[in-house]
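Residue-level structural notes
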Amino acid sequence: MMIVSQLGENQKIAFMQVFAKLAARDGKIGDDEREFIKSMALTYGVPAKRVEEIWKPIDDTELFNELKNIKNRKAALMLIKEMCILANADENLSDDEVLFIGQVGEAMGVEVSKIQEISDWVLERLIWLEKGRLIFEEV
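Here the structure is a predicted model, which is why all the values come from computation and not from measurement.

Another aspect to go through is the packing of helix α2 (residues 9-23) against helix α5 (residues 73-88). The packing of two helices is summarised by the inter-axis angle and the distance between the axes. At a minimum axis separation of 10 Å, α2 and α5 run at an interaxial angle of 20°. It follows that α2 is roughly parallel to α5 by the angle criterion. The element α2 and its partner α5 pack so that their crossing is right-handed. On α5, the residues that touch Phe 15, Val 18, Phe 19, Leu 22 and Ala 23 of α2 are Ala 75, Met 78, Leu 79, Glu 82, Met 83, Leu 86 and Ala 87. Here the contact of α2 with α5 is composed, by residue class, of 11 nonpolar, no polar and one charged.

What follows is the structure in structure tokens.
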């Protein structure tokens, strides 16, 4: 979280717009998703007066151009990780989501092999957490 809070305001908004676009990939953004993204934006230090900019329509190409300004590799890797978590939250990772994550990573200079490594780690973590729920009989 500290890494993202060090980005400039426009970079933070682009960071959050990625989440909004990813959440909308299934055709709708639920109130819970909207509230979660708004909460994340405020946590990351997006000024409250600019939070609504996250939801403005933005062309993918324009967004990718803005993401090219994120030169902090750790922030780029964090974004890919968070995208993988969000995309897997509904247990239905679509081809469109995978493509979008790859395009976002490419815009920030993250190698496809690194994106795959992060995705694999996220999936292993989700499996590990589910296994823990079963072992400890948490329903």
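So, about the environment of Gln 103. Structurally, Gln 103 can be placed in helix α6 (residues 95-107). For the pair formed by Gln 103 and Arg 34, sequence separation is 69 residues and the distance between their alpha carbons is 23 Å.

Its 15 residues place the ends of α2 21 Å apart at the C-alpha level, agreeing with the 21 Å of an ideal helix rising 1.5 Å per residue. Among the 15 residues in α2, 13 count as buried, and that is most of the element.

Before going further, it helps to spend a moment on unusual backbone geometry. Backbone geometry places Glu 137, a non-glycine residue, at a positive phi of 50°. Along the chain, Glu 137 turns up in the segment after α7 (112-135).

Under the definition given, this model contains three aromatic pairs. Relative to Phe 19, the ring of Phe 15 lies with its centre 5.6 Å away and its plane at 70°, an arrangement referred to as edge-to-face. A residue pair is termed a helical-turn pair when its members lie 3 or 4 positions apart in one helix, as Phe 15 and Phe 19 do in helix α2 at four residues. This pair shows no difference in class: Phe 15 is buried, exactly as Phe 19 is. Arg 25 extends its terminal NZ or CZ atom over the ring of Phe 100, reaching a point 4.1 Å from the ring centre. Looking at Arg 34, its charged tip hangs above the ring of Trp 55, at a distance of 4.2 Å from the centre.

Now for α7. For α7, spanning 24 residues, the distance from its first C-alpha to its last is 34 Å, which sits close to the expected 34 Å at 1.5 Å a residue. Within α7 the residues assigned to the buried category are Ile 115, Ile 118, Ser 119 and Val 122. Buried residues belonging to α7 abut α5 and α6. Taken from the residues just after α7, Glu 137 is the one with a positive phi, measuring 50°.

Turning next to the layout of surface pockets. Computed from the structure, the largest pocket encloses a volume of approximately 330 Å³. What lines the largest pocket is a set of 16 residues, among which Glu 33, Ile 85, Leu 86, Ala 87 and Ala 89 lie closest to the centre. Mapped onto the lining of the largest pocket, the elements with two or more residues apiece are α2, α3 (31-43) and α5. With four residues, the single largest contributor to the lining of the largest pocket is α5. Of the residues belonging to the lining of the largest pocket, the class tally is nine nonpolar, one polar and six charged. Considered as a void within the structure, the second largest pocket measures approximately 240 Å³ in volume. Lining the second largest pocket are Asn 88, Ala 89, Glu 91, Asn 92, Leu 123, Arg 125, Leu 126, Ile 127, Leu 129, Glu 130 and Arg 133. For the lining of the second largest pocket, the element with the highest residue contribution is α7, accounting for seven residues.

The rules we used
- Residues numbered from 1 in each chain as written.
- Predicted model: local features only at pLDDT ≥ 70, side-chain atom pairs only at ≥ 80, totals over all residues.
- Heavy atoms only, no water.
- Axes fitted to C-alpha atoms, helices over the stretch in contact; angles between N-to-C directions.
- Helix = DSSP H or I, 4+ residues; strand = E, 2+ residues; numbered from the N terminus.
- Parallel < 35°, antiparallel > 145°, perpendicular 65-115°, else oblique.
- Left-handed = near helix turned anticlockwise from the far one by under 90°.
- Contact = heavy atoms within 4.5 Å.
- Nonpolar A, V, L, I, M, F, W, Y, C, P; charged D, E, K, R; others polar.
- Expected span 1.5 Å × (residues − 1).
- Buried < 20%, exposed > 50% of the residue type's maximum accessible area, 1.4 Å probe, protein only.
- Phe/Tyr/Trp six-rings, centres within 6.5 Å; stacked < 30°, edge-to-face > 60°.
- Lys NZ or Arg CZ within 6 Å of the ring centre and 35° of its normal.
- 1 Å grid on protein atoms, 1.4 Å probe; cavity = no way out; pocket = protein on both sides within 12 Å on 5 of 7 lines; lining within 4 Å.
- Points joined across faces, edges and corners; volume = space filled by probe spheres on them.

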